[in-house]
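Coordinate inspection notes
For reference, the chains in residue letters:
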Amino acid sequence: GYDERRAVDAARLLLCTALMLVTSLPGISIPDADVREAVARRKRAAVLTLPPGRYPRVELAAGYLFNWDDPDAYYQLGVDLILGGLQSGLGRPIA
């Protein structure tokens, strides 16, 4: 496990990250589903105005960038990344 100092630092980071994960759920600030979808449509349209080929990763991800319909997957990925990060730091010396 972590020594005391690293455990406290990890706990602080974990708390802040967990709060951010919950409070920054994409689309959460737009409670009305119709308005949320209209905002997503405008954002998708804006991506389509980018020069073709200039941002290939954005073009490939455009269908997902503004898709806010699967909060469970969003939270699961966040938890997996947080736990994976904590586990990968075990046993490493403090720099």
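For the structure itself, consult the block above.
The text that follows walks through the structure, step by step, so that each part is easy to find. (Residues numbered from 1 in each chain as written. Predicted model: local features only at pLDDT ≥ 70, side-chain atom pairs only at ≥ 80, totals over all residues. Heavy atoms only, no water.)

With respect to helix 2 (residues 33–48)
If you check helix 2, its first and last C-alpha atoms are 23 Å apart, about what 16 residues at 1.5 Å a residue would give, namely 22 Å. All buried positions along helix 2 are accounted for by Ala 38, Val 39, Ala 40 and Val 47. The secondary structure elements touched by the buried residues of helix 2 are helix 3 (56–65). Between the side-chain oxygen of the N-cap and the backbone nitrogen of Asp 34 there are 3.0 Å, and the N-cap of helix 2 in question is Asp 32. (Helix = DSSP H or I, 4+ residues; strand = E, 2+ residues; numbered from the N terminus. Expected span 1.5 Å × (residues − 1). Buried < 20%, exposed > 50% of the residue type's maximum accessible area, 1.4 Å probe, protein only. Contact = heavy atoms within 4.5 Å. Polar contact = N/O pair within 3.5 Å; in protein donor to acceptor, adjacent residues only side chain to side chain.)

Some remarks on the packing of aromatic side chains
According to the stated counting rule, one finds 1 aromatic pair in the structure shown. When the centroid spacing of 5.5 Å and the interplanar angle of 65° are considered together, the rings of Tyr 74 and Tyr 75 count as edge-to-face. In this structure Tyr 75 comes out as partly exposed when scored by relative accessible area, which is 25%. (Phe/Tyr/Trp six-rings, centres within 6.5 Å; stacked < 30°, edge-to-face > 60°.)

A look at the layout of surface pockets
Taking a probe equal in size to a water molecule and rolling it over the atoms shows the remaining empty space. By volume, the largest pocket is sized at about 290 Å³. Lining the largest pocket are 19 residues, with Leu 25, Pro 26, Asn 67, Asp 70 and Tyr 74 positioned closest to its centre. Contributions of two or more residues to the lining of the largest pocket are made by helix 3 and helix 4 (71–88). Top contributing element to the lining of the largest pocket by residue count: helix 4, with 5 residues. For the second largest pocket, the calculated volume is near 180 Å³. (1 Å grid on protein atoms, 1.4 Å probe; cavity = no way out; pocket = protein on both sides within 12 Å on 5 of 7 lines; lining within 4 Å. Points joined across faces, edges and corners; volume = space filled by probe spheres on them.)

Some remarks on the pattern of salt bridges
Between side chains of opposite charge, a pair can form when the charged atoms approach closely. Applying the stated criterion to the full structure yields 4 salt bridges. Put simply, Asp 9 and Arg 5 hold a salt bridge, and the shortest N to O gap is 4.0 Å. Taken together, the positions of Asp 9 and Arg 5, both in helix 1 (residues 4–23) and 4 residues apart, correspond to about one turn of that helix. Among the salt bridges present, the one from Arg 12 reaches Asp 9, with a minimum N-O distance of 3.5 Å. One end of the pair, Arg 12, and the other, Asp 9, are both in helix 1, 3 residues apart, so they sit about a helical turn from each other. Here the salt bridges do not stand alone but share partners, grouping Arg 5, Asp 9 and Arg 12 into one network. (Salt bridge = Lys/Arg side-chain N within 4 Å of Asp/Glu carboxyl O.)

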